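# Coordinate analysis (summary)
So the chains spell out like this:
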Amino acid sequence: MNEQTFAPKKTKKIIAIIAIVLLVIITLSSTFTVVDAGHTGVVVTLGKVNERVLPEGIHAKVPFIQKVVKIDNRIRKLEVNTEAFSKDLQSVNTVLAINYRVDTSKSYSIYKNIGADYETVLVVPAVNEVLKAITATYTAEESVTNRVLISEGLIQGLNEKLNNIGLYITDVNIIDFDFSDAFITAIEEKQVAQQQLLKAETEKQTAITNAEAEAEAMKIKADGEAQANRLISESLTNQVIENKKIEKWNGELPKVSGNSGAFVDIGGITE
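These notes cover the structure that comes with them.

So, how was this worked out
Residues numbered from 1 in each chain as written. Predicted model: local features only at pLDDT ≥ 70, side-chain atom pairs only at ≥ 80, totals over all residues. Heavy atoms only, no water. Patch = residues over 30% accessible without salt bridge, like charges linked within 9 Å, V, L, I, M, F, W, Y side chains within 5 Å. Areas by Shrake-Rupley, 256 points an atom, 1.4 Å probe, with all protein chains shown as cover. Salt bridge = Lys/Arg side-chain N within 4 Å of Asp/Glu carboxyl O. Helix = DSSP H or I, 4+ residues; strand = E, 2+ residues; numbered from the N terminus. Buried < 20%, exposed > 50% of the residue type's maximum accessible area, 1.4 Å probe, protein only. Pairing = 2+ DSSP bridges. Axes fitted to C-alpha atoms, helices over the stretch in contact; angles between N-to-C directions.

### Side note on a nonpolar patch on the surface
A cluster of nonpolar side chains, I14, I17, I18, V21, L22 and I25, forms an exposed patch at the surface whose accessible area comes to about 540 Å². Within the secondary structure, V21 sits in helix α1 (residues 2-31). A residue is classified by how much of its surface remains accessible, and V21, at 43% relative accessible area, is partly exposed.

### Some points on the sheet that holds strand β5 (residues 66-72)
Taken in spatial order, the three strands line up as β3-β2-β5 in an open sheet, and their pairing is antiparallel. At either margin of the open sheet sits one strand with a lone partner, and together these are β3 (48-54) and β5. Between one strand and the next, the sheet's axes are offset by a mean angle of 30 degrees, whatever the strand orientation. Pairing geometry for strand β2 (residues 39-45) and β3, over four bridges, is antiparallel. From the neighbouring strand, T45 faces β3, where its bridge partner is K48.

### Thoughts on the pairing of strand β1 (residues 32-35)
Only one face of β1 is covered, namely the face carrying T33 and V35; the face carrying F32 and V34 is uncovered. Direction of pairing for β1 relative to strand β4 (residues 57-60): antiparallel, over a ladder of four bridges. Bridged to V34 within β4 is I58.

### With respect to the sheet that holds strand β6 (residues 76-85)
The strand order β6-β7-β8 describes an open sheet built from three strands, whose pairing is antiparallel. Each end of this open sheet is capped by a strand with a single partner; those strands are β6 and β8 (167-179). Within this sheet the neighbouring strands show an average axis-to-axis angle of 25 degrees, counted without direction. Summarising the sheet, β6 and strand β7 (residues 91-102) pair through 10 bridges and their orientation is antiparallel.

### Some remarks on the pattern of salt bridges
This model, assessed by the stated rule, comprises four salt bridges. D72 is paired through a salt bridge with R76; the nearest N and O atoms lie 3.5 Å apart. Overall, R76 belongs to the partly exposed group, its relative accessible area being 28%. Among the salt bridges present, the one from R76 reaches E119, with a minimum N-O distance of 3.7 Å. Taken together, the positions of R76 in strand β6 and E119 in helix α3 (residues 118-135) put the pair 43 residues apart, joining distant regions of the chain. A network of salt bridges, in which partner residues are shared, links D72, R74, R76 and E119.

### So, unusual backbone geometry
The bulk of non-glycine residues show a negative phi, and the bulk of peptide bonds are trans. Phi angles above zero are rare outside glycine, and F64 is one such case at about 65 degrees. Along the chain, F64 falls in the loop between β4 and β5. In the Ramachandran plot, L89 falls in the positive-phi region, its phi being about 65 degrees despite a non-glycine side chain. Following the sequence through the fold, L89 ends up in the loop between β6 and β7.

Following this line, the structure appears as structure tokens:
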């Protein structure tokens, strides 16, 4: 009986010791917290947010009374898909990649005023608002050709809205612009028409160039002939003409000569 009574007591004692050890471990683990690199720790004591944030490293805290919310202060990437209307009232679906970071000194105020889900509550709505305002200043076609200006405008506009809160936009990339099928068809038809117009203008210019070249060639030829004739005319003096006659004469006198109807055979001296 004594041995049987002792066994349960021994088992209960072992269980109690294990429970105490576990409680000590849990208490010790909740006494310390580790803030990872690139993060800050926001200390919350019984629901109250402490303005002093914890830097990277290991820190002590009051177990069961304090908790540490870790805020990522590294550059984060956010992808936003939103719809806006262009200046010419075309629907433009835009996919954006936003790079931003949280100011370490403002981590506590962001958590206190907005909460841990500040990206959904604050950043995404700001991106939608600024993008709609910028898109409305360009036509749909201009949006495609002015991607850099739109990106720069987004960075400036978002920083103006978010910097005071403690959020900084470092980069904005436009991944894609998507338009309605009707608008895409209209753009394709416009491109075809422009190509046909360019082809017609090229052919017209080629014809004009060929005609001008032919006219110039004819003018040069005519000028050359006129110059040659002028030189010949200037060189034909009376003496030259007489010499040419002599060169052409074969030595025979004309056989017939007529004057007022009378014919004389000069060879036979006949009248």
